[in-house]
Amino acid sequence: MASADAQPRFGQSVKGLLSDKVGSCSGDVIALTRQVLKGSRSQELLGQAARNMVIQEDAILHSEDSLRKMSIITTHLQYQQEAIQKNVEHSKHLQDQLRHLLK
């Protein structure tokens, strides 16, 4: 009868090992699923970062263009300021000549 008692114990231990192995594999599948989802999320984040970078690049190019235009405007304003200063000096000289003539 010793062999009859050993047979159920052996069957139970095989079932226990099989159950442990299935549990281990289930855990591995869950971990793998998490990694795949994490990788998918990483891809989404990288895609969003790339889109944001393109948007920022456009904004930088627009800002660069605006700065170039403002530089041109500043140069023109400096020329106008110089012309106005020359005209003011010239008008002072004309006023002095008029005063001298009216005396």
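Rules used in this analysis
Residues numbered from 1 in each chain as written. Predicted model: local features only at pLDDT ≥ 70, side-chain atom pairs only at ≥ 80, totals over all residues. Heavy atoms only, no water. Helix = DSSP H or I, 4+ residues; strand = E, 2+ residues; numbered from the N terminus. Buried < 20%, exposed > 50% of the residue type's maximum accessible area, 1.4 Å probe, protein only. Areas by Shrake-Rupley, 256 points an atom, 1.4 Å probe, with all protein chains shown as cover. Salt bridge = Lys/Arg side-chain N within 4 Å of Asp/Glu carboxyl O. Patch = residues over 30% accessible without salt bridge, like charges linked within 9 Å, V, L, I, M, F, W, Y side chains within 5 Å.

A short note on the overall build of the protein chain
Turning to step 1, where the next piece is worked out: On a plain count of helices and strands, the protein chain comes out with one helix and zero strands.
Turning to step 2, where the next piece is worked out: Within the protein chain, the proportion of its 103 residues that are buried is 0%.
Turning to step 3, where the next piece is worked out: Summed over its atoms, the accessible surface of the protein chain is roughly 9700 Å², and 62% of this surface lies on carbon and sulfur atoms.

Things to note about the pattern of salt bridges
Turning to step 1, where the next piece is worked out: Overall, the coordinates contain four salt bridges when judged by the stated rule.
Turning to step 2, where the next piece is worked out: Arg-99 is paired through a salt bridge with Asp-96; the nearest N and O atoms lie 3.3 Å apart. Of the two residues, Arg-99 and Asp-96 are both situated in helix H1 (residues 2-102); the distance of three residues between them amounts to about one turn of the helix.
Turning to step 3, where the next piece is worked out: Among the ionic contacts, a cluster of salt bridges with common partners joins Asp-65, Arg-68 and Lys-69.

A word on a nonpolar patch on the surface
Turning to step 1, where the next piece is worked out: Together, Leu-98, Leu-101 and Leu-102 make up an exposed nonpolar region whose accessible area comes to about 380 Å².
Turning to step 2, where the next piece is worked out: Take Leu-98: it is sitting in helix H1.

Any functional reading would require information beyond the geometric quantities listed.
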